Structures are given as structure tokens and as C-alpha cells.
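Fold and contact review
What follows is the residue order along each chain.
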Amino acid sequence: MTQPLRLHPDRLFPADIRTRDIARALHAGVKDLPIVSPHGHTDPAWFARDEAFSDPASLLIVPDHYVFRMLYSQGVPLDALGVPTVDGSPTESDPRKIWRIFADNYHLFRGTPSRMWLDWVFAEAFGIDVRLEPATADLYFDTIDAALKTPAFRPRALFDRFGIELIATTESPLDPLEHHAAIRASGWQGRVVTAYRPDPVVDPDTPGFAANVRRFGETANEDVGSYAGYLAAHRFHRARFRAAGATSTDHGHPSSATADLTPAEAESLYARVMADPTAAEAELFRAQMLTEMAAMSVEDGMVMQLHPAVSRSHNAQVLARFGRDKGGDIPLPGEFVRALKPLLDRFGNDPRLTLILFTLDEDTYSRELAPLAGHYPALRLGPPWWFHDSPEGMRRFRERATETAGFYNTVGFNDDTRAFLSIPARHDVARRMDCGFLAQLVVEHRLEEDEAHEVARALAYDLVKQAYRL
Amino acid sequence: MTQPLRLHPDRLFPADIRTRDIARALHAGVKDLPIVSPHGHTDPAWFARDEAFSDPASLLIVPDHYVFRMLYSQGVPLDALGVPTVDGSPTESDPRKIWRIFADNYHLFRGTPSRMWLDWVFAEAFGIDVRLEPATADLYFDTIDAALKTPAFRPRALFDRFGIELIATTESPLDPLEHHAAIRASGWQGRVVTAYRPDPVVDPDTPGFAANVRRFGETANEDVGSYAGYLAAHRFHRARFRAAGATSTDHGHPSSATADLTPAEAESLYARVMADPTAAEAELFRAQMLTEMAAMSVEDGMVMQLHPAVSRSHNAQVLARFGRDKGGDIPLPGEFVRALKPLLDRFGNDPRLTLILFTLDEDTYSRELAPLAGHYPALRLGPPWWFHDSPEGMRRFRERATETAGFYNTVGFNDDTRAFLSIPARHDVARRMDCGFLAQLVVEHRLEEDEAHEVARALAYDLVKQAYRL
Amino acid sequence: MTQPLRLHPDRLFPADIRTRDIARALHAGVKDLPIVSPHGHTDPAWFARDEAFSDPASLLIVPDHYVFRMLYSQGVPLDALGVPTVDGSPTESDPRKIWRIFADNYHLFRGTPSRMWLDWVFAEAFGIDVRLEPATADLYFDTIDAALKTPAFRPRALFDRFGIELIATTESPLDPLEHHAAIRASGWQGRVVTAYRPDPVVDPDTPGFAANVRRFGETANEDVGSYAGYLAAHRFHRARFRAAGATSTDHGHPSSATADLTPAEAESLYARVMADPTAAEAELFRAQMLTEMAAMSVEDGMVMQLHPAVSRSHNAQVLARFGRDKGGDIPLPGEFVRALKPLLDRFGNDPRLTLILFTLDEDTYSRELAPLAGHYPALRLGPPWWFHDSPEGMRRFRERATETAGFYNTVGFNDDTRAFLSIPARHDVARRMDCGFLAQLVVEHRLEEDEAHEVARALAYDLVKQAYRL
């Protein structure tokens, strides 16, 4: 009585048959293009060591906050899902038990993108042809577990099989980048590059900030006792990251605030944030640092990404027991118009800068982001992010941003994930949704079909390479 | 030359024919499920006394702010519609005259849910088969008036005919609940329960607040001179409401603010709000009381509902002449992430609490509410509310909330109405829109059809019973 | 190898074939109705002088910030597009060179309304049948240039050919309205009226505000040393504008704030803003003036329009070199509920006032604007504005506003443009989108087809004449 698992070839295409026919044709032209993943959170150690993933639960459930937060919201304890604790106290360690809980609750994911990504992984990556449900839990576990022990499921083999042209990981300046070095030294041809995410040495609210900055200075051989030395350390580490293939920086600030202080003001602020800053000083320092990073980007050509406005670790009890990134991050309202002005006043018209803006506040798509990106040469719009990296989220983004910003002020797709096996599924969703959107424009005679083919290719492949300077 | 009135069997289903076929099949599986109405504003006296409704205008126009606000917005005086005045000065008293004005202006409701609800009442409840327009005004009036005089249109007969399994009314702790007692004493089998809405003794901005609290204490035999006594009175009245079938509380606050004060702070704040509180003190007291109510819900199992952020009685002239609830309530921006943190820090992870969140700020669906409900075990999302209890409002809710919160963190439908005759129409709209949404997921291969049937039933019936613990 | 340029007769209609058939039928009933353009920015000198437009670039690119901001956002310097500078330093003066740059970059407009408007101008106004691309740049330039030299492309001939019944321009009280006088004196029958936009004498943040006010007083022969004299000058100029056909005023404030000060407070505030006002005083004065303008509208019957909440000239470098209105205006969040209360407390219930509200913050459609307009007799909702005057913007407006405000609290379409040749295209987009929206209601059995025909006509023609008292 199990149900079949089928990935329908028309999935995500509009229902109307003429529109669907056009979407199919557009998709046929882009579905086999290589995957360029310019921003994400895969672990470079996977590609450096190329070891087998350990088991289905540790690969697909325990590290994936999309998955365990939904189970948790319906009463499944994180302990029962094997999520590790801050203090090392034990949680469930039997991956099969974890998997069975997941299977028992798989219906909770109906209507979510997680369901689509997971089904793709089950069907395409592992070749499973029955649906996940309590009765098939062990079949799934055994099938996946066996596959993971084979060479075909090692990270590099999957990288090649998935048609990945390039993947960017994200590291802090405190990272020695030894895995990236090992990858390059290994002779393997897969392109795995890093990205410069300086939050731990830019955000004074990071636990251990001052110690981080001192270590950051030491590895750069710069005296971070002065602001000039601190900035010089950034230049050192940015160059080090560029040598490891980085073409971009990434900034995860609680707001989009930017500032443009005088050197004396900045020096004095730096001294205060290295001591015991107020909340306002911390915010102003982050704001100032975005503008400093833009100035360095103008020099060294690194593309900036801004991912603002999330209330991190909103759930105090979950934070205390399980730590950060456990599904309790909640978006905040976004504001870009006033916040970005100091930075844009200096660099908004400079074609050497590319600043890619992301948001979790979809209201800003049509109100703020599209008008800004439709005017300033330095700005581009990142794709729908995190909670909105989903069919409806993608549809809303195109519907709300395109008429003002056009297609060419957007930058293709980011999977932004640590769930390596789902990467092709995520790009597939984006390509299908974009083709469906374009097909609707064609069928409503808002765009000619030959143009839609060009745009589909741009959205799937060309724009990401241009925007990220790959 | 009158036009026919027809309720098309496919109404509200998507236009695409394959999608429509699936929607029809899904709807066939849920259309005859009983109506569970866990939150609304019908008058329990109707069911206690089971008297005939007086006339068409007094039943369908005079008490319905959806109806008379639209007429008023286009220049029809509320006096001419018979809306009663605060000072008792007379307004139009001839129901036929009121009805004719309504008929003359019925075109104003084109494209609104009121039009759909009213047409259902006319066609299904009263069997009328021509459209309401000036030429049919008297036909309508006479038909409805005659029907209302028959036993089939008494409240209990309609309750049974409508297939209502349970209806919850909403009362303040100052209410003796004598109608609910009368219903139970009558031997009639209809389930009419109350819900605990303590705003008049929780919101210091309520006119007569301190007197309300004293009366609240007296009926509980508690000394509300102390905060402990005040809380004990809540416990007494909550128990009294539970004895009258209540499984839920409801809170209509101007914001979602919550607080978690120390006992000493709360005691001192209570003393101030019983005297002459500032606006900030009133807000803080409401905030503290949400957390206190959550604490009591953890004890007694009552489900909390929060309906925040409305500017009540925005129109000063209408308020002065006609009083509250006269169509001049206007939504305010919502904010939940920071506002709910104090309450969630204490009870967000407690499976004994269910807190159902409503909003009139649709921006918060995808930005705040779905991420919160998709993580915290204690949170659920209420259905689209008030202005958004409409086809487009329901579509937006599902499109924006489902991908992050799933279906199972929502709680089915609330009609939330005092317009008793429209209750089946409102549930019908919700079931049709949900089936249409699910059909689209099926036709786009985002959900299998067997699953869609399960979800349709959950949305129409199962989830509301679970969430409200019925 | 050029591509054909075709305006498909079904453009913008929904894909579903039954829905499209209904949309076609609705559109057939409204497509030939006269154009009523109650708010826009065409230059009355065109109609007064009836001279030929000079060349394709000066007509279609150089003055159109929709066009050059998109090119600029992708790195085309405004200098290369011939945008004039503040200091008169030369920019590109060869219209053919400008046109070629435009043709080279025409793909940037894919998916934007500018593309639809321009294609209409090319195909319908100029009869061109190949697509604009680099290879056809000169063909386009030569064809348009030659046409502009013919009598058929003079402003009055186009006005007649376009089927324009009335067009309103927008002038400041400092304008002598001599072009409007010349039009009336000329014997030409085209109805070109003005509208009263007093921002330069109402907004203390306008450069030269005090001097403006003094000139405003002199031409009115009023002593603007007192607030009473200042208000009297408004009355004088409003009467002067009404004599030039004006039926409306227009207010472009940075927020929707209104105030209702006592005469003494207002007098004192006026004295301060004529000297050196703080930002708060300037804001309060603008707020007070909206209420004063409403009071005058109650007297003289002029309809008020409020276009709030834009960060004007956000790009400091573009402002310094090229001046205002150069594509760098960015929307701000809107707030109407608290902001409008002082004005509404006085005039919201007065049927003599019509206040038409516009917004660039689409979140306010369902949250604030539709509830306000669905209640207050004095309020109406303006159509989607500026960035949202587009197919998706119009769809969102109808989807979000109709269920609460209905159709009859909206006021038809505004083209709001200075791009004269695009006016028929813009009205055509609005009529098509409205017919498509109505067709969807019909096919979903939410509205009967005979009613949809009535509503389509109201949206295209009747409501604008009623609302603007034309």
C-alpha cells in the first residue's frame, strides 16, 4: 500500500496548457546548464577530504534547520532528532530512530520547499521510487545508508554528477582556509572557492569580538591597536581570500545601516567598540564597516553581498541548550532607503562596486529594492533568500521586482545552503519558476518567445557569472 | 427584466479546467463536513430564547458593519440605515425603507466578500432566485420577512440546518453567562460554548476599567485590591467559563506587546493602572497580562487567541453619534518578533500552551508569523481575519504562510462573525479557496492528489478541533 | 534578421482561454471610450504653441526618467544620454547617438511597462513593424524623425487622434498659466486644464520657500506677512486655477501627516517656517496645510490628491550634476491611519470633500487604504502610482483593495506622465488589466458578466469623471 514517488517532468510549471508548453520549451534550454553556486554554506572539508557521509540522519536531518525546526514546531523535541547540545550532554544517537521520527512526520512538510528538495534527493540522488512514510522509513534508511558507503556518493563524485561548475563556501577571516588549500593541492579539478565573511571581526556584538580582532591582526601581522591597522588587516585577509578564489564578501548584519564617518570619528569609534560598546556604538561600527568594505571592494574588485535584518536565535531556551542556527532565526522589517544612503552617496555611482542586496522583508521588493537597483549602477538584487527561496517566494520576487528593476539588475540564483545534496533540486526549482514566469509573460504577449529564451539563460547562468565576476 | 440569482457550483474554483476538476473533487470530500466555529460573535441569547428574528433589515443590515460601512463610504447616512445612536435619538425605523436603500446600492458590493455571503444567504437560506436590485427590493423584503416568521428560521432550526457541530460565542468576564446556562438547561442538543475575552478587565484604556475590575472581583469573591487577588479572580472566571464550555480565551489588544515583569513590578504596575495610568503603563499592563494569561493557559489548558493591532473607532464623529463597532476600525502595522519575545521566552517551548496569532497586516504572514509558527511549539497561525476573510485574502494567506509554516501549524477556519446567517457561506468560501489552492499544488505537481484530500479535510475540520481542543 | 514588432490584440489578457474570451468581450466595450487624463505632467506649452517635437531622442529618451534611469542602472552615463546638467556643462547633443545607445540596450526593458509603452508608441503612433534593436536603430530614428516633422505629429493633432477628452496638467501657484490662456484663446477645442499644486509655497523645505511665498502673495495682492493673508492668497490662486479649468489640487508631501492646529498655533508656526524652521516645524506646517487645503476644498469644491512618501533625489551626485527628477526618487514606507486622523476628524465625513489617496507602499493597500476608503465618505483611492503603474502593480491593487473598498471607492486611471505619446498606451494597459481582473471574477463566478461590463466602463470612464468632478 505504499505510494509511488514520482518527480513529474512538468512540476512547478503553470497549469494553463499553452503557458506550460512554453515553460517546457524554455526549461529545455536551460535545464542542463552547469550549476554556478556563488554563495552557500557547504563545508570545504567535504571536498578536501572526500570522505563518505556517515548516515542518512546525520546527512539530511541533524544539520538541516529547515527540517528540524518544522518537526520541533509540532512538538518533536530536538533531543529526539539528535541535534547536538552546547554542553555536550547527549541527545539521540541512533540515526535510524531519528529517521523514523522524520518519516512519521513527513506529512508536515506538505506544501513546503523542503518537501520538494527532499523528494528530489530521494528520487534523483538515491533512486527511491516510493514515498517516504512510516511504512517506508526503514527502506529509505537502508537504501540511503548503503548508497552513502559507495564511491558514487562521495562529495567530489556528487559535485561532478550534479554538474557543478563552481561552488563558493563562506568563511570568516579567522579561518586558515586549509581545506581550500588542500582542494587545490589535491589535483581535483572541481572549482570550490571561498567568500570573505568578516562578521566575527566586524560585529562588536559577536561573543569574543575583541579577541577575534586581536587574532585577526596577528595572522595579518598588523597592529590592530589602531583603526588603520585594523583596516590593513582586512586588506591582508581579503587578499588571502582572493588567493583562495574568493570573488565576493558577505555581510550578515542586523540591519542595513551604513555610515560614512570622518577618519577621526572612525578611529575613536573603533577604540570604543574594542572596549565596551553601547548598542548604538556597535550598530554604528557595523554601519561604518559596510562603507569601508565598499571602499575596499572598489579597490580589489570583490563583490559585496548584504544579508540584513534577522533576529538571530530568537528562542532563548533553544539557544541555551543547542546553540545558534537552530531554526529560531526570525526576519525583521527591512529598511534600505535611508540606511544605505551614506554608502551610496560615496560609491553608489561607481561602476567598480557591485553590492548585491538580499532581504527577508518582501515588502521592500517593490517599494525599496527594485527602485534602488533600477537606478544605482552599483546595486544589484539578490534572489529570494532563505524563507523565500521557494516557488511562491520566487514568484513574488519576479512579480514585484521585474517591472521596476528589470531582469538584468538581478543576479541569478543562490542556493545559500549547507544541504549539499539538495543543491541541484534548488537550482531546478529556480529554473522552473523563472521559466514559468517568463512563459506567462510570453502567453500574455508581454515578451516575445525568442527574448524569453535569452532571459531564461541569463537568469540560469549568465547573470550570476557576470555579477559575481566569475 | 430582473436578472437571475445563481450560485454556480464551481464558484471560486480556479479557471484552468484541469485545476478546477481537482478542486471540485477535493471540495466534494469536504463540503458536507460539519461546521466547527471556534471563534465568533453570535449572540447566545438567540439560541437560549430561540425567538424569530424581527425583519430583514434588523437581521442583515443594521447590525452588520461590513454592510453599512460600504454604504456609508459612498454617502449613505448611517441614520438612514437605522443604525442606533448612543444617545437614543431616533434613526430610520422602517425596515423596508432601509432595505430599499440597500437594494439601490447593492452594486457597491461587487467584488467584495459581503456580496458572496449575502447572495448565499438570499439563494440558499431564503431560496430567492433573482438578483437583488432596486426592482426586486420589495420582493426580497417580503420573501425574507415571511420566512423569518416561520419556525424553520428560528436560530436553533438554522443551527441544525446549517450543519453546525459547535459554535463559540465571546463574552467578557463581567458576563453572567446566563444564556449559555439557559441553553444547557433547555435540553436542546446544539453545542454553543463561550470564550473568555477579558479585555474589559485587562485593558486600562477601557472606559470604566477600574469599576469593571471591582465588579470582576466581587463576582469572584476575590479582593482585587491586590494583584494576587486580581489574578485569582481571573482564575475563578476562567474556571466559570470552562464550566460553560469554553476552551479558549481571546485578546483584542492594540499591539502584540508582551512583558514578563517581576512580581513586585507587576504588583506596583497594577496599583498604578487602577488609579490613573499613563499610556505607557496601560500598554505595559496589557503586555504583562498576555503573559499572565499564558501562564494560566499552561495550567488550565485554555487556548489563547491574540487579535492585535487595530485602531478602534478611528472616526471620531461616528463614534460620538453611533458608538463603537461601526465600521470605522482601521488596521495598524503589526510587529510580533520583538513584541512576543517575553512571553515566548517563558512559554514558547511549552507544549501545554497553544497561542493562536491573528493579524490584519498581511506583510507579517511571510516575514514574521510563518517563521515564528514554523519554529515555536506553542504557536499556531489563525486564519485570515476580518478584512482578509475573503477569497483574495485567503489566497494570500496560503501563498505566503504555507511554504514556511506548512499546513499543520494553521488551525482551520474562523468565521468570527455576528452575521449568523452568513456562517455557512463563510465556511463555504474558505473550503472552496483551500481546495482551489490545493488543486493548484496538485496540478503543479507540488503535492499528490491523495495528500491533498487529507489536507483539505484537515483544513476544513480536523485542525480546528485539535487546535481549539474541542 | 530583424524581428517583427507586433502588438498582439490579446496582450495582457489572462492565459486561460475562457477567461481570455471574457476579457476580450469586456475590453471591446471600453477600448474606444475617450481618454480622460485627470492628473499628469504634460507641458501646456505644447498645446498652446502646437509646434513640432524636435527629434526622437529629445521626445522619448532625454526627458523620460523611467527610460534613462534603467540605462543608468546598467552603467550608461547620463551624459551620454544627453540629460542636461544643472550648470549647463554640455552633454551628448547628437540625438542619433543617444538613440543608438538606447537601441543597444533595449533588452534591459524586457518585462517592464516602459517596454510595453514604447512598443505601443513605435507600432501604433509611428507604424513601425520591426523590433527595436541595434540593427534597426537608424531605421527607427529616421522613421520617427520624419514623422515628427509632419502635421499629424503636432501636439493638437495627436491629442485628437488619441481620443483624449480632457487632459489635466499640473502647475504651481507661481505659474501665470499663460499657456492655458493661450489654448483657450486659440479657439482649439481640446480640453486642457490645470491642477493646483502648491508644494513650492506649502513645503518649507523647498529651496527658496520664503521668496516663493512672497511672490505668491504679491501676485494675489495679499499681505503674506500674516497667516490670514497667506491663506487668502491660496484662495485667490485657487480661484485663478479654477478659472483655468482646474477641478483638483495635488500635494506631493514627504509623508501623509496632517494636523489641525488652533489659529494661534498656526499663525505662530507660519511665522517660524517663514524664518528658519526646524525639520519638525516644516513637517508640521505641511501637515497643517493639508487640513487647510481640505477646508478650502469644502468651500470651493476642488478635489484633493495626496501623493506622499518619496525620498526625492536620493542620489546626491546625480542631484548635484543633473538636478531633480532624474530617476533617483525612491519610495518610503507609508502610514495613513494615524497621519490622516486630524484631517479626517474635521472633514472625513463631509461629502463636499473628495480626497484621493495614492501610495508607493503597496502594503498599505489592504492594511490601511482600503479600510479607510471603505468607510470615510470623503476618501477615494487613486490608481496604482508611478513604479506600480504597471500590469503587476495594477493586478496587486485590484486584488488587495477591491474586497474591502469595492470598485466604487476607486477613481479610474491616472497616467500621471509627461511622456505624451505614451498616454494611450498607459490607458490601454489599465483597461486591459482591469478587464482581465474582471474576467477572472466572472469565470470564478464572483461577478456576473453583465455586471462586469458595467464595472469595466466605470473603471475606464465614469468613475474618473465623477471623482474629479469633470
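As shown above, the structure is provided for reference.
A few points on the structure. Since the structure is predicted, the reported quantities are computational estimates derived from the model, not experimental observations.

Quick notes on the rules
- Residues numbered from 1 in each chain as written.
- Chains lettered and ligands numbered in written order.
- Predicted model: local features only at pLDDT ≥ 70, side-chain atom pairs only at ≥ 80, totals over all residues.
- Heavy atoms only, no water.
- Pairing = 2+ DSSP bridges.
- Helix = DSSP H or I, 4+ residues; strand = E, 2+ residues; numbered from the N terminus.
- Contact = heavy atoms within 4.5 Å.
- Buried area = accessible area lost by both parts, 1.4 Å probe.
- Salt bridge = Lys/Arg side-chain N within 4 Å of Asp/Glu carboxyl O.
- Polar contact = N/O pair within 3.5 Å; in protein donor to acceptor, adjacent residues only side chain to side chain.
- Nonpolar A, V, L, I, M, F, W, Y, C, P; charged D, E, K, R; others polar.
- Axes fitted to C-alpha atoms, helices over the stretch in contact; angles between N-to-C directions.
- Core = buried A, V, L, I, M, F, W, Y, C linked by side-chain atoms within 4.5 Å.
- Buried < 20%, exposed > 50% of the residue type's maximum accessible area, 1.4 Å probe, protein only.

Right, let's get into the sheet that holds strand β1 (residues 35-37) of chain C. All names here are of chain C. A sheet is described by the order of its strands in space; here three strands give the open sequence β1-β2-β3, paired in parallel fashion. Both edges of this open sheet fall to β1 and β3 (192-193), since each of them pairs with a single strand only. As paired strands, β1 and strand β2 (residues 164-168) are joined by three bridges and run parallel to one another. Within β2, the residue paired with isoleucine 35 across the bridge is isoleucine 164.

Taken together, the contacts link 52 residues of chain B with 44 residues of chain C. Summing the contributions of chain B and of chain C, the shared interface buries around 4100 Å²; its carbon and sulfur component is 46%. Of all residues in chain B, Arg110, His314 and Glu392 of chain B bury the most surface against chain C, accounting for 17% of the area lost on that side. In this assembly, chain B and chain C are joined by 10 salt bridges. For the pair chain B and chain C, the interface holds 33 residue pairs in polar contact (both at pLDDT 80 or more). If you list the elements that add at least two residues to the side of chain B that touches chain C, you get α1 (17-30), α4 (65-73), α6 (113-125), α15 (316-322), β7 (330-331) and α18 (391-405) of chain B. The greatest single-element share of the side of chain B that touches chain C, amounting to six residues, is contributed by α18 of chain B. Of the residues that constitute the side of chain B that touches chain C, the class distribution is 19 nonpolar, 16 polar and 17 charged.

All names here are of chain A. With parallel pairing, the four strands of this open sheet are ordered in space as β4-β5-β8-β9. The sheet terminates laterally at β4 (248-251) and β9 (379-381), the two strands that pair on one side only. Pairs of neighbouring strands in the sheet enclose a mean axial angle of 25°, with direction left out of account. For strand β8 (residues 355-357) and β9, the ladder comprises three bridges, and the chain directions are parallel. Each residue of the ladder has a partner; that of leucine 357, found in β9, is leucine 381.

Let us look at the nonpolar core. Phe122 of chain A, Phe122 of chain B together with Phe122 of chain C are the most contacted members of the largest nonpolar core, which has 315 residues in total. Not counting the four nearest positions on each side in its chain, phenylalanine 122 of chain C is found in contact with Leu5, Leu60, Trp99, Phe102, Tyr106, Gly127, Ile128, Leu132, Tyr140 and Ile144 of chain C.

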